[in-house]
Amino acid sequence: MKKYIFLLTFFFSFSLSGQDLYWYDVLLDVNLGNAKEFEKAVDDFYSSVEFPEDVSMTFSNIAMKGQDFKETHILSFVSPSSNSLANLRASLSGDNWENYLDIVRPYINTARTAAGNASLTYNQEEMNPIGQAWVFKVKSKNIPAFSQGFSTLMETFDFPGFVGLAQVAHGTSNGENVIIYGTYKDLNDAFTFGPKNDAEAKAFAEFGNLIGDISDFTQTWTRVKIKDYN
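Small disclaimer: the values here were computed from a predicted structure and weren't measured. (Residues numbered from 1 in each chain as written. Predicted model: local features only at pLDDT ≥ 70, side-chain atom pairs only at ≥ 80, totals over all residues. Heavy atoms only, no water.)

Q: Whenever I open this one, the sheet that holds strand 5 (residues 130-138) confuses me. Can you help?
A: Hydrogen bonds between backbone atoms are what pair the strands of a sheet, whose relative direction is either parallel or antiparallel. What the 8 strands build is a closed barrel, ordered 1-3-2-8-5-7-6-4; its pairing is antiparallel. Here the strands of the sheet are splayed against their neighbours by 35 degrees on average, with no regard to which way each runs. Here strand 2 (residues 56-64) pairs with strand 3 (residues 73-79) via 6 bridges, running antiparallel. Within strand 3, the position partnered with Ser 60 by the bridge is Ile 74. Its contacts with the sheet put helix 4 (residues 143-154) on strand 4 (108-122), strand 5, strand 6 (163-170), strand 7 (178-184) and strand 8 (215-229), and the angle it makes with strand 6 is roughly 165 degrees. Relative to the sheet, helix 6 (residues 198-214) contacts strand 5, strand 7 and strand 8, its axis offset from that of strand 8 by approximately 110 degrees. (Pairing = 2+ DSSP bridges. Helix = DSSP H or I, 4+ residues; strand = E, 2+ residues; numbered from the N terminus. Axes fitted to C-alpha atoms, helices over the stretch in contact; angles between N-to-C directions. Contact = heavy atoms within 4.5 Å.)

Written as structure tokens, this is what we have:
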């Protein structure tokens with residue numbers, strides 16, 4: 001399960017063996033003046049949670065985003081088992097849970113959740129601490145072509161860390177339903193992301209032309225890991 005623990009949001013991965021991964025994200029807009037207190041409360045609570053062996057959670061701050069993206073933090077739960085993930089979510093109840101909510105509620109302006117599944121990933125052993133999501137609106141009939149285009153791109157492009165493609169099944173916003181998610185080991189890798197040679201540039205151009213006809217790119221955002229829990 002260690003290889004999954006850096007996934008967001010999304011996280012956001014497709015298994016090369018064909019086994020889906022299921023994810024559940026909690027995105028929170030936290031008062032900046034209370035960020036440290038909020039982060040301590042989250043750590044105190046989830047450090048005491050007994051996670052199933054096949055479920056993990058990554059707690060991150062959202063460091064870079066567009067002006068209309070309000071959320072500042074994300075709690076990303078992921079598992080290869082939908083049942084295990086659902087059972088963990090159902091277990092978050094009782095007095096300890098209510099006490100935790102009472103502590104963090106004053107620090108939070110807004111909260112929303114999203115969930116989905118994924119079935120195609122690359123470089124799963126390189127789940128680095130910085131993650132970036134590219135978010136798209138894709139009509140359902142065009143998702144297979146979008147996925148195939150991404151797969152073709154990855155035959156040529158050497159991404160520096162984990163990268164994968166996922167669909168949002170619950171909690172979509174304004175029709176955004178497909179996410180490409182990649183991770184970087186540091187900010188330098190994030191800043192220098194892109195094609196490194198003519199072959200990669202050609203593959204990028206072909207992928208861009210394909211998805212430009214069948215999707216709308218809506219936003220990108222970047223998170224930085226605070227801590228993993230499993």
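Next, the rest of the story.
Q: I'm lost on the packing of aromatic side chains in this one. Help?
A: Remark: the centre distance and the inter-plane angle together describe each pair of aromatic rings, the angle taken between the planes. Tallied over the entire structure, the rule returns 25 aromatic pairs. Relative to Phe 193, the ring of Phe 157 lies with its centre 5.9 Å away and its plane at 80 degrees, an arrangement referred to as edge-to-face. Of the two residues, Phe 157 is situated in the loop between helix 4 and strand 6 and Phe 193 in the loop between helix 5 (187-191) and helix 6; the sequence distance between them amounts to 36 residues. With centroids separated by 6.3 Å and ring planes inclined at 50 degrees, the aromatic side chains of Phe 162 and Tyr 181 adopt a geometry described as tilted. Of this pair, Phe 162 sits in the loop between helix 4 and strand 6 while Tyr 181 sits in strand 7; the two residues are 19 residues apart in sequence, bridging distant segments of the chain. (Phe/Tyr/Trp six-rings, centres within 6.5 Å; stacked < 30°, edge-to-face > 60°.)

Q: Hey, could you run me through a nonpolar patch on the surface in this one?
A: On the surface, a nonpolar cluster with roughly 300 Å² of combined accessible area is contributed by Met 64, Leu 187 and Phe 191. Among the structural elements, Leu 187 can be located in helix 5. The class of Leu 187 is partly exposed, set by a relative accessible area of 39%. (Patch = residues over 30% accessible without salt bridge, like charges linked within 9 Å, V, L, I, M, F, W, Y side chains within 5 Å. Areas by Shrake-Rupley, 256 points an atom, 1.4 Å probe, with all protein chains shown as cover. Salt bridge = Lys/Arg side-chain N within 4 Å of Asp/Glu carboxyl O. Buried < 20%, exposed > 50% of the residue type's maximum accessible area, 1.4 Å probe, protein only.)

Q: Just to check I follow, could you spell out the pairing of strand 7 for this structure?
A: Regular strands have side chains that alternate between both faces of the sheet. The element strand 7 is largely enclosed, with a buried count of 7 among its 7 residues. On strand 7, burial covers both faces: Val 178, Ile 180, Gly 182 and Tyr 184 on one face and Ile 179, Tyr 181 and Thr 183 on the other are all buried. Here 5 bridges tie strand 6 to strand 7, and the two strands are oriented antiparallel to one another. Within the sheet, the bridge partner assigned to Ala 166 lies in strand 7 and is Ile 179.

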